[in-house]
Amino acid sequence: VALDVVPRYPIRQVVIEDVAMTRVLDRFDEVTALADSVSLFTTWRDRSFHQVWCKRRADEEHDPALAVRLLEGRPADGPRHPIPGHDPGACTTQGDVPGPWHERLPHFRADRTPSSGRELQSEYLVDRRAGPAALAALFDVGRRIERVVQVSEVRTIAADDLWLSPASGRSTVAIHFTWEPDPDAVRAAMAIVEAVLAPFDPRPHWGKLWTLPLETVRTSYARFGEFVDLRDRWDPGRKFANRFVEALLGP
């Protein structure tokens, strides 16, 4: 295994509030290129992203007003938590204050509870080219799922060549849901989300909640069969198996 590493570097983090859905979706490539890391947060209660978090390297030249102009939002006047009403003290430093990469790239401080601490989670990943259309379709059903959503985060991921990576073979848009801890209501909301995303070939995050048909998930990965053959060859005794893995990969 070869690791491609870079020297330690500083990051600045800013939060822009009240950004219209259309402003993001109409300029999706520009918006997601605003910084080294861009996260779009919404509750689906209206057609907007209530926060956009931009994390950029502090050792590179950058126009700090660019994000505000492009997004037509307003800079947060203090620290923010992605979930409305939650204490921002759990979050890493914002306000364009430079700091080490490992203290800015995460949303939450290592010594505090991340997110809400009482939640269920799902995440679906679609081809970047379909990202704006998939998001627009979800906003259309936002009123049907908002009651059980604490917050959703949208981010982009570069394509890779790992056989079972959710970004395997395609640049990706990840759509994350932080749900209320209500399994029955979440199951009903997931059914709505998965039906809306079905035309966009969604890949679920395997470590979170989803109910997509197993065969649908398998066919989303071009080299799925090769991985199963590799597993059979290197783990015939199933030392790295459990009920979930065997359901997805086969016994």
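I will try to describe carefully the structure that is included in this document. Every chain is numbered independently, its residues counted from 1 as its sequence is written. Reporting of local features is limited, given that this is a predicted model, to residues whose pLDDT is at least 70; pairs of side-chain atoms are given and counted only at 80 or more, and all residues count toward the totals for whole chains, interfaces and linings. Side-chain numbers come from the whole structure's heavy atoms, not from hydrogens or water.

### Description of the pattern of salt bridges
For this analysis, a salt bridge means a side-chain nitrogen from Lys or Arg found within 4 Å of a carboxyl oxygen belonging to Asp or Glu. In this structure the tally under the stated criterion is 24 salt bridges. We note a salt bridge from R128 to D29, for which the minimum N-O separation is 3.2 Å. Remark: D29 occurs in helix α2 (residues 28-32) and R128 occurs in the loop between β6 (120-127) and α4 (131-140); sequence separation between them is 99 residues. Note on classification: 1.4 Å probe, protein chains only; a residue is buried when its accessible area is under 20% of the maximum for its type, exposed when over 50%, partly exposed between these limits. With relative accessibility at 53%, the residue D29 sits in the exposed group. Between R112 and D87 there is a salt bridge, with the nearest N and O atoms lying 3.7 Å from each other. Here R112, found in the loop between β5 (99-100) and β6, pairs with D87, found in the loop between β4 (74-75) and β5; they are 25 residues apart in sequence, far enough to count as distant. What makes R112 partly exposed here is its relative accessible area of 33%. Residues participating in the shared-partner salt-bridge network are E17, D18, R74, D77 and R80. Strands are runs of DSSP state E lasting at least two residues, helices are runs of H or I lasting at least four, and both sets are numbered from the N terminus onward.

### Describing the packing of aromatic side chains
Here a pair means two rings of Phe, Tyr or Trp (six-membered ring of Trp) with centres within 6.5 Å. Their orientation is stacked below 30 degrees between planes, edge-to-face above 60, and tilted elsewhere. Counting across every chain of the model gives 10 aromatic pairs. Here the aromatic rings of W44 and F177 are separated by 6.0 Å at their centres, their planes lie at 20°, and the arrangement is stacked. With W44 in the loop between β2 (37-42) and β3 (48-57) and F177 in strand β8 (residues 172-179), this pair connects stretches of sequence that are 133 residues apart. The class for W44 is buried, based on a relative accessible area of 2%. An aromatic cluster is defined as three or more aromatic residues linked by ring pairs; in this entry it consists of W44, F49, Y124, F139, F177 and W179. Definition used: whenever NZ (Lys) or CZ (Arg) falls within 6 Å of the ring centre and also within 35 degrees of the ring normal, the charge is taken to sit over that ring. One cation-aromatic arrangement involves R57 over Y9; the distance from NZ or CZ to the ring centre is 4.1 Å. When the ring centre of Y221 is taken as origin, the NZ or CZ atom of R203, which lies over that ring, is 4.7 Å away.

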